[in-house]
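Survey of secondary and tertiary structure
Letter by letter, the chains look like this.
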Amino acid sequence: MGSDNLKITDRTFKFAVRIIKLVQYLEEQPGVSRTLSNQLVRSGTSIGANTEEAQGAQSKADFISKMSIALKEARETLYWLKLFRATKLCSEHQLHDIINESNELVSILVTIVKKSKTSKTEN
């Protein structure tokens, strides 16, 4: 609920925009299941939605809950991105940067959740 978390909301919003653009591209490609691209867009945009909701958390526990959901969604998004790469629905070149960003978001969210839980037990 500090200013450090405002940065994560900006970053996850930009990430969601990238996910939407990727999904728009994917849906133009032959053989890409709409079910798969829908899974990616749901999880990829949910990260930012939950970090944004966490900013208005009613309690520390609510904040931790929302950020934990964002973390789960970030991990799921990383899974879908790796799946698209492994099945060659997108090239390594197309996915390299967004997979790196997804990995970084997971790491940042892990840190936020861990620090929030630690500070919760110290209070």
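Relevant structure appears above.
These figures come from a predicted structure and were not determined experimentally.

Looking at the overall build of the protein chain
For the protein chain, the helix and strand inventory stands at four helices and zero strands. In the protein chain, the succession of helices and strands from N to C terminus is α-α-α-α. At 15 Å, the protein chain has a C-alpha radius of gyration in line with the 14 Å of a compact globule built from 123 residues. Along the longest, intermediate and shortest principal axes, the C-alpha atoms of the protein chain span 55 × 20 × 20 Å. Counting all 123 residues of the protein chain, 40% fall into the buried class. Within the protein chain, residue pairs in contact and separated by at least 24 positions form 74% of the contacts whose partners lie at least 6 positions apart.

Some words on the packing of aromatic side chains
Ring pairs (aromatic) are described by centroid distance and by the angle formed between their planes. Enumeration according to the criterion identifies one aromatic pair in this entry. Note on Tyr79 and Trp80: the rings are 5.1 Å apart at their centroids and 75° apart in plane angle, and the pair reads as edge-to-face.

So, the nonpolar core
Counting 31 residues, the largest nonpolar core has Leu22, Leu40, Met67, Leu81, Leu95 and Leu109 as its most contacted members. No other element matches helix H3 (residues 60-86), which puts 10 residues into this core. Those residues in contact with Leu81 that sit more than four places away from it in its chain are Phe15, Ile19, Leu22, Leu40, Leu95, Ile98, Ile99 and Ser102.

Some words on the side chain of Ser43
Among the secondary structure elements, Ser43 is positioned in helix H2 (residues 34-55). A distance of 3.4 Å separates the side chain of Ser43 from the backbone oxygen of Leu40, its partner in a polar contact. Excluding its chain neighbours within four sequence positions, the residues that come into contact with Ser43 are Glu73, Glu76, Thr77 and Trp80.

A short note on the side chain of Ser116
In this fold, Ser116 is placed in helix H4 (residues 92-122). Residue class for Ser116 comes out buried when judged on its relative accessible area of 8%. Engagement of the side chain of Ser116 in a polar contact is seen with the backbone oxygen of Ile112, the distance being 2.8 Å. Discounting chain neighbours no more than four positions away, the residues touching Ser116 are Lys60, Phe63 and Ile64.

A look at H2
An α-helical segment advances 3.6 residues per turn. Residues three or four places apart therefore align on the same side. In a regular helix each residue adds 1.5 Å, so 22 residues correspond to 32 Å; H2 covers 32 Å between its end C-alpha atoms and thus fits that length. When the local axis directions of H2 are compared, the greatest deviation, roughly 30°, occurs at Ser46. Within the sequence span of H2, burial applies to Ser37, Leu40, Ser43, Gly44, Ser46, Ile47, Gly48, Asn50, Thr51 and Ala54.

Remarks on the pattern of salt bridges
A full pass over the atoms with the stated rule returns six salt bridges. Close ionic contact of Glu101 with Arg11 constitutes a salt bridge, the shortest N to O distance being 2.7 Å. Taken together, the positions of Glu101 in helix H4 and Arg11 in helix H1 (residues 4-28) put the pair 90 residues apart, joining distant regions of the chain. Judged by its relative accessible area of 14%, Glu101 falls in the buried class. For the salt bridge of Glu104 with Arg11, the shortest nitrogen-to-oxygen distance reads 2.3 Å.

What counts and how
Residues numbered from 1 in each chain as written. Predicted model: local features only at pLDDT ≥ 70, side-chain atom pairs only at ≥ 80, totals over all residues. Heavy atoms only, no water. Helix = DSSP H or I, 4+ residues; strand = E, 2+ residues; numbered from the N terminus. Rg over C-alpha atoms; globule rule 2.2 N^0.38 Å. Buried < 20%, exposed > 50% of the residue type's maximum accessible area, 1.4 Å probe, protein only. Contact = heavy atoms within 4.5 Å. Phe/Tyr/Trp six-rings, centres within 6.5 Å; stacked < 30°, edge-to-face > 60°. Core = buried A, V, L, I, M, F, W, Y, C linked by side-chain atoms within 4.5 Å. Polar contact = N/O pair within 3.5 Å; in protein donor to acceptor, adjacent residues only side chain to side chain. Expected span 1.5 Å × (residues − 1). Bend = angle between axes of the 7 residues up to and from the residue. Salt bridge = Lys/Arg side-chain N within 4 Å of Asp/Glu carboxyl O.

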